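# Secondary and tertiary structure notes
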Amino acid sequence: MQPTDNTNNTPSPTDSHTDNASLAAAPSKKLSKPSSRVRRRLKDAAPLPFKIDGLSHDGRGVAIYGNEFGVDQGHIEEKHGKKVFVSFALPNESVTVRLTNSRKSFEEGDAVELIENAHPERQTPPCPHFGVCGGCSLQHWQPDGQIAFKQTVLAELLQHQADVQPDNWLEPVVADRLGYRTKARMGVRYVAKKDTALVGFRERNSNFLAELNECHILDERIGFELENLKTLISSLEARSHIAQIELAMGEAISELADGDQPVALILRHLEPLSESDIEKLKTFFKARNWQLYLQSKGPDSIERIALHDTDDLTQQFGRLYYQLPEFNLTYEFIPTDFTQVNLSVNRKMTKLACDLLDLKPGERVLDLFSGLGNFSLPLARLVGGEDGTQGLAIGVEGSDAMTARAADNAKRNGISNTEFYNQDLTQDFSEQPWAQQGFDAILIDPPRSGAWEVMQYLPRFNASRIVYVSCNPATLARDTKALIEQGYRLTDAGVMDMFCHTGHVESIARFEKVESD
């Protein structure tokens, strides 16, 4: 639930998003799941007023029992000093909170009414389902405030774990903030009592699907088709046996194969579909120029359903595309490949990473966790020089399929100064031929777990510059400490608005080798 505004106060300016206080560590997901006994006890409990003193790392307000409110307002003395993590609340606000969880050391709740001191960056959430749907957590906060807060999170983690701040804070990378998400997995459930299907994300703190009619975070090609998808699934004979929809979207490039079908949906069904159901799906998808896939079991069971005479069924998947115009690159991928969810931010992110590496023709650059070549190909362009052959970009990736996709994309874009290797980067790779070479620069773009194992081998590469792209600021901060201990200086750091309206933080950092005396 979103807090209603019960005040006529004009918001007053505040000095900072966190009032210069340290951010509170949010409780783990396991501890945030209330027991059935706690849920019953809190179900009919009266909401309590709280003053929001600061924020947690995930963007929730943090209040303390006994601060500004006393026993008369329900703050019993034995709880004074106990923290409460409050969703939908911002610093300095006084809000009424409906408690949802109670533990020995903390409590959690939702702000349901704004009493006074509305934060100047508070906004009306753009999506009508915000507060119920668990897909977003920060739509009550203006996007510029969100991204500034995320920089604060990164700064505090760097200070706490590595005892360092960058020489220079980069301007936040921002682009599309609504309708940006091009990859998602949505749940599906038919509710017989309501004679309707639910399609979308889970409710907050629940395993139940939220009842959505639209989504303002998903690319609008899907986000405003949810109602039609629900109607379609409700009309199927197998409506009770559709479990989920996996979606992937690219850019429309009509001159390329499947380029006029830039949206792909994979329907997971638990029972075989009738011919009648398949025809209904084909009619719906053909009208929208979407690619249709059915999945009955595991990934190997995914099959494409032909909608046009030109659809190529000789391969398991059709093609999707995205472009990096700055580098004259077009990438081909399939619906199950990993790609960045926000293509508009990805364009800016790849350029920024290349700018920070400051590559020159003839240099050697290593791209670790290279995927389908998202960074490798721009890097190759820059070190290749005018004839494209002077330098070398090496990409290393743990997935066989993605390694092959990167090589294919290099060939498709006329890039010959690349090499791609398949390697599990969490294991010892010191004996691999590519790992025994020196490099002028390195780009690292690891998963959420970070690149701790890679950190142990970096001195062997003797690179003068390293750029680290991260989707988890905690592991970036941890790995920053290792880099500093190995003789690197943190020159630049910043955040990127890859996941606007959520608590996820995408960040980037540049390191430079300190010259020894």
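Figured I'd write up the structure that's included with this text.

Across its full length, the protein chain holds eleven helices and 22 strands. Against the 2.2 N^0.38 benchmark of 24 Å for 517 residues, the protein chain shows a C-alpha radius of gyration of 25 Å, consistent with a compact globule. Taken along its principal axes, the extent of the C-alpha atoms in the protein chain is 75 × 75 × 40 Å. Residues counted as buried form 55% of the 517 residues belonging to the protein chain. Split by element, the accessible area of the protein chain, about 23200 Å² in all, is 47% carbon and sulfur.

Moving on to the packing of aromatic side chains. In this structure the tally under the stated criterion is 14 aromatic pairs. With a centroid separation of 5.0 Å and 85 degrees between ring planes, the pair formed by Phe50 and Tyr65 is classed as edge-to-face. With Phe50 in strand β2 (residues 48-55) and Tyr65 in the loop between β3 (61-64) and β4 (83-87), this pair connects stretches of sequence that are 15 residues apart. For the pair formed by Phe50 and Tyr65, the shared burial category is buried. An aromatic cluster of at least three residues, connected via ring pairs, comprises Phe429, Trp434, Phe439, Tyr457 and Phe461. The ring of Phe284 carries the charged tip of Arg288 above its face, separated from the ring centre by 3.6 Å. Taking the ring centre of Trp290 as reference, the NZ or CZ of Arg288 above it sits at 6.0 Å.

Turning next to the nonpolar core. In this structure, Met186, Ile222, Leu265, Leu281, Phe285, Leu379 and Ile508 are the most contacted members of the largest nonpolar core, which totals 105 residues. In terms of residues, this core owes the most to one element, helix α6 (residues 343-357), which gives eight residues. Leaving out residues up to four positions away in the same chain, Ile508 has contacts with Leu170, Leu352, Ala353, Leu356, Val467, Tyr468, Val469, Asp492, Ala493, Gly494 and Met496. Grouped together as the second largest cluster of nonpolar side chains are 46 residues, Leu23, Leu392, Ile442 and Val454 included.

Moving on, we come to the packing of helix α4 (residues 226-234) against helix α5 (residues 275-288). Between α4 and α5, the least distance of the axes is 10 Å, while the angle of their chain directions is 160 degrees. Looking at the two axes, α4 sits roughly antiparallel to α5. Crossing geometry of α4 relative to α5 is assigned as right-handed. Note on element contacts: α5 touches α4 through Lys280, Leu281, Phe284, Phe285 and Arg288, opposite Asn228, Leu229 and Leu232. When its residues are assigned to classes, the contact of α4 with α5 shows five nonpolar, one polar and two charged.

Once that is clear, we can look at α6. Because an α-helix packs 3.6 residues into every turn, residues spaced three or four apart end up facing the same way. With 15 residues, α6 extends 21 Å from end C-alpha to end C-alpha; this agrees with the ideal 21 Å at 1.5 Å per step. Most of α6 sits out of view: eleven of its 15 residues are buried. Within α6, burial applies to Leu343, Ser344, Val345, Asn346, Met349, Thr350, Leu352, Ala353, Cys354, Leu356 and Leu357. Count one or two residues on from α6 and you reach Asp358, which has phi positive near 50 degrees.

Summed over the entire model, instances satisfying the criterion amount to 29 salt bridges. Among the ionic pairs, Glu332 bridges to Arg412, the shortest N-O distance being 3.4 Å. Of this pair, Glu332 sits in strand β15 (residues 329-333) while Arg412 sits in helix α8 (residues 400-412), and the two are 80 residues apart along the sequence. In this structure Glu332 comes out as buried when scored by relative accessible area, which is 15%.

Inspection of the secondary structure puts Glu363 in the loop between α6 and β16 (364-368). In terms of polar contacts, Glu363 uses its side chain to reach the side chain of Arg465, at 2.9 Å. Contacts of Glu363, omitting those with residues within four sequence positions, involve Asp358, Val383, Gly391, Leu392, Asp440 and Arg465.

Taken in spatial order, the six strands of this open sheet run β9-β8-β10-β11-β12-β13, and their pairing is mixed. Only two strands of the sheet have a single neighbouring strand rather than two, namely β9 (196-200) and β13 (303-305). Taking each pair of neighbouring strands and ignoring which way they run, the sheet shows an average axis angle of 25 degrees. Sheet topology places strand β8 (residues 183-191) next to strand β10 (residues 242-249); five bridges connect them, and they run antiparallel. The partner of Met186 across the bridge, within β10, is Ile245.

The strand order β7-β21-β22-β20-β19-β16-β17-β18 describes an open sheet built from eight strands, whose pairing is mixed. Each edge of the sheet is formed by a strand with only one pairing partner; in this case those strands are β7 (168-169) and β18 (418-422). Taken strand by strand, helix α2 (residues 143-162) contacts β7, β21 (488-496) and β22 (506-513), and its axis lies near 155 degrees from that of β21. Sheet strands touched by helix α7 (residues 376-384): β16, β17 (392-397), β18 and β19 (441-444). Its angle to β17, the strand with the most contacts, is close to 165 degrees.

In this structure, Lys150 sits in helix α2. Within the buried set, Lys150 has no salt-bridge partner at all; the shortest N-O distance to an opposite charge, 4.4 Å, is to Asp497. Excluding its chain neighbours within four sequence positions, the residues that come into contact with Lys150 are Leu138, Val495, Asp497, Phe499, Cys500, Thr502, Gly503, His504 and Val505.

Okay, a positive patch on the surface next. Together, Lys33, Arg37, Arg39, Arg40 and Arg41 line one region of the surface with positive charge. Locating Arg41 in the fold gives a position in helix α1 (residues 36-43).

Attention now moves to unusual backbone geometry. Of note, Phe88 is a non-glycine position whose phi angle comes to about 70 degrees, a positive value. Along the chain, Phe88 turns up in the loop between β4 and β5 (94-102). By relative accessible area, Phe88 is classed as buried at 3%. Phi is positive for Asp358, close to 50 degrees, though the residue is something other than glycine. As for its position among the elements, Asp358 is in the loop between α6 and β16.

Thresholds applied
- Residues numbered from 1 in each chain as written.
- Predicted model: local features only at pLDDT ≥ 70, side-chain atom pairs only at ≥ 80, totals over all residues.
- Heavy atoms only, no water.
- Helix = DSSP H or I, 4+ residues; strand = E, 2+ residues; numbered from the N terminus.
- Rg over C-alpha atoms; globule rule 2.2 N^0.38 Å.
- Buried < 20%, exposed > 50% of the residue type's maximum accessible area, 1.4 Å probe, protein only.
- Areas by Shrake-Rupley, 256 points an atom, 1.4 Å probe, with all protein chains shown as cover.
- Phe/Tyr/Trp six-rings, centres within 6.5 Å; stacked < 30°, edge-to-face > 60°.
- Lys NZ or Arg CZ within 6 Å of the ring centre and 35° of its normal.
- Core = buried A, V, L, I, M, F, W, Y, C linked by side-chain atoms within 4.5 Å.
- Contact = heavy atoms within 4.5 Å.
- Axes fitted to C-alpha atoms, helices over the stretch in contact; angles between N-to-C directions.
- Parallel < 35°, antiparallel > 145°, perpendicular 65-115°, else oblique.
- Left-handed = near helix turned anticlockwise from the far one by under 90°.
- Nonpolar A, V, L, I, M, F, W, Y, C, P; charged D, E, K, R; others polar.
- Expected span 1.5 Å × (residues − 1).
- Salt bridge = Lys/Arg side-chain N within 4 Å of Asp/Glu carboxyl O.
- Polar contact = N/O pair within 3.5 Å; in protein donor to acceptor, adjacent residues only side chain to side chain.
- Pairing = 2+ DSSP bridges.
- Lys, Arg positive; Asp, Glu negative; His and termini not counted.
- Patch = residues over 30% accessible without salt bridge, like charges linked within 9 Å, V, L, I, M, F, W, Y side chains within 5 Å.
- Charge placed at Lys NZ, Arg CZ, Asp CG, Glu CD.

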